[in-house]
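Here is what each chain is made of, one letter per residue.
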Amino acid sequence: MGKVWDVYVTRMLPEQVIDLLKMHCNVELNPYDRIIARGELLEKVKGKNAILPMVTEKIDAEVFDAAGSECRIVANYGVGYNNVDIGEATKRGIMVTNTPDVLTNATSEMAWALLFAVARKIVEGDKFTRAGKYKGWSPKLFVGTEITGKTLGIIGAGRIGSAFAKKSIGFEMKILYNAAHRNEAFERETGAIFADRETLLRESDFISLHVPLQESTVHLISTNEFKMMKNTAILINTARGPVVDENALIEALRTGEIAGAGLDVFEREPEFNPELSKLENVVIVPHIGSATSEARLNMGMIAAESIIAAMNGEIPKTLVNRDIKL
Ligand code: DGY
């Protein structure tokens, strides 16, 4: 048997996850319910063989230098791994894994939750009712827009985009999608029609973003894109904040270029643009797309299993940097 690995976990995770890790490895974790400070992270990863970080930690050359040459894997707690410098990890022979599949339902459900909330003014209605302002039924009270029979535009044809599309069954929607390439399996599974981005933006009533954050998707939706959208369009972002130019979004919401937006992610997280909270036609939640007890447990189990597999000399199932030389 090889050496028992030293692991650093940047945040408290479900007990089962920590128990599993502790059965196989020496585990040190951030016991506080707060994001670990950069300096603390650099200190804590020293000499560790594995790091289990979240989207909130930037894992780059500085962290790898601090960890030292015994660091073998970064098991990121999330499907998105834009917080990890993959090139740098690969160069150093450090495996990077993510947690796909197990949060597909949770995140696609959140996209629907936001879509409903914006289209039917659920949050505004809730605030109004709690404030004791409801004085009886009114034909004009919180009139929203119907969802059934409308056109759904999906940007990104991966697992979450596909689950989101499938969940529209029953709403009898026309589904348009745009992605870097046509995806026939996606079309078969969802009935979606491939459209170039401009057509999708012009024709969709609801536009939901399901692309990873990478250079090509930064500000994918900006001023020009908002101009193409219908004035009645609603934009949903459960992907990553920087995919949308937030200043352009605020302007589009303010001027009525689009009708509303539902956001789970923000451009400069955890900073939050206070202008957003001044707008009534936006529903905002704090990056909780994968926040179901089921998803969060399974994300942790996958990350723990990846570390254990790597320690045992196996290739973890969710390895991201498949071109790594081990
Ligand atoms: C994900 O899994 O990518 C979530 O956004 C959390 O990082």
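Residues numbered from 1 in each chain as written. Predicted model: local features only at pLDDT ≥ 70, side-chain atom pairs only at ≥ 80, totals over all residues. Heavy atoms only, no water.

### Concerning the domain arrangement of the chain
Alright, step 1. Here the chain is partitioned into domain 1 (6-101 + 293-311) and domain 2 (104-284).
Alright, step 2. Its C-alpha centre places domain 1 at a distance of 31 Å from the equivalent point of domain 2.
Alright, step 3. The interface of domain 1 with domain 2 comprises seven residues on the first partner and six residues on the second.
Alright, step 4. Around 560 Å² of area is buried between domain 1 and domain 2 when both sides are counted, 50% of it from carbon and sulfur atoms.
Alright, step 5. Taking the shortest distance from any N to any O, the salt bridge between Asp101 and Arg159 comes out at 3.8 Å.
Alright, step 6. Summed over the shared surface of domain 1 and domain 2, the number is two residue pairs in polar contact (both at pLDDT 80 or more).
Alright, step 7. For the side of domain 1 that touches domain 2, the residue count by class is four nonpolar, two polar and one charged. (Domains from an automatic or database assignment. Contact = heavy atoms within 4.5 Å. Buried area = accessible area lost by both parts, 1.4 Å probe. Salt bridge = Lys/Arg side-chain N within 4 Å of Asp/Glu carboxyl O. Polar contact = N/O pair within 3.5 Å; in protein donor to acceptor, adjacent residues only side chain to side chain. Nonpolar A, V, L, I, M, F, W, Y, C, P; charged D, E, K, R; others polar.)

### Comments concerning the layout of surface pockets
Alright, step 1. Its boundaries defined by the atoms lining it, the second largest pocket holds a volume of some 450 Å³.
Alright, step 2. Lining of the second largest pocket is provided by 23 residues; of these, Lys121, Glu124, Glu280, Asn281 and Val282 occupy positions nearest its centre.
Alright, step 3. Sorting the residues of the lining of the second largest pocket by element identifies α5 (104-119), α6 (122-130) and β12 (282-284) as the ones contributing at least two each.
Alright, step 4. When grouped by side-chain class, the residues that make up the lining of the second largest pocket number 13 nonpolar, six polar and four charged. (1 Å grid on protein atoms, 1.4 Å probe; cavity = no way out; pocket = protein on both sides within 12 Å on 5 of 7 lines; lining within 4 Å. Points joined across faces, edges and corners; volume = space filled by probe spheres on them. Helix = DSSP H or I, 4+ residues; strand = E, 2+ residues; numbered from the N terminus.)

### Some points on the pairing of strand β1 (residues 6-9)
Alright, step 1. The sheet contact formed by β1 and strand β2 (residues 26-29) spans four bridges and is parallel. Each residue of the ladder has a partner; that of Asp6, found in β2, is Asn26.
Alright, step 2. Between β1 and its parallel partner β2, the chain crosses via helix α1 (residues 15-24), and the hand of that crossover is right-handed.
Alright, step 3. As defined by bridge partners, β1 adjoins strand β3 (residues 50-52) across three bridges and the pair is classed as parallel. (Pairing = 2+ DSSP bridges. Right-handed = clockwise from strand over helix to strand, strands pointing away.)

### So, α5
Alright, step 1. With 16 residues, α5 extends 22 Å from end C-alpha to end C-alpha; this agrees with the ideal 22 Å at 1.5 Å per step.
Alright, step 2. Two residues or fewer past α5, Lys121 is found with a positive phi of approximately 55°. (Expected span 1.5 Å × (residues − 1).)

### Examining helix α7 (residues 159-166)
Alright, step 1. Extensive coverage of α7 is indicated by the burial of six of its eight residues.
Alright, step 2. The set of residues buried in α7 consists of Ile160, Gly161, Ser162, Ala163, Phe164 and Ala165.
Alright, step 3. For α7, the elements touching its buried residues are α5, β6 (151-155), β7 (174-178), α8 (184-190) and β9 (206-209). (Buried < 20%, exposed > 50% of the residue type's maximum accessible area, 1.4 Å probe, protein only.)

### Brief notes about the pattern of salt bridges
Alright, step 1. A full pass over the atoms with the stated rule returns 22 salt bridges.
Alright, step 2. A salt bridge links Arg38 to Asp60, with the shortest nitrogen-to-oxygen separation between them at 2.7 Å. Pair noted here: Arg38 is in helix α2 (residues 38-44) and Asp60 is in the loop between β3 and α3 (61-67), with a separation of 22 residues, a long-range link.
Alright, step 3. Connected via shared salt-bridge partners are Asp65, Glu88, Lys91 and Arg92.

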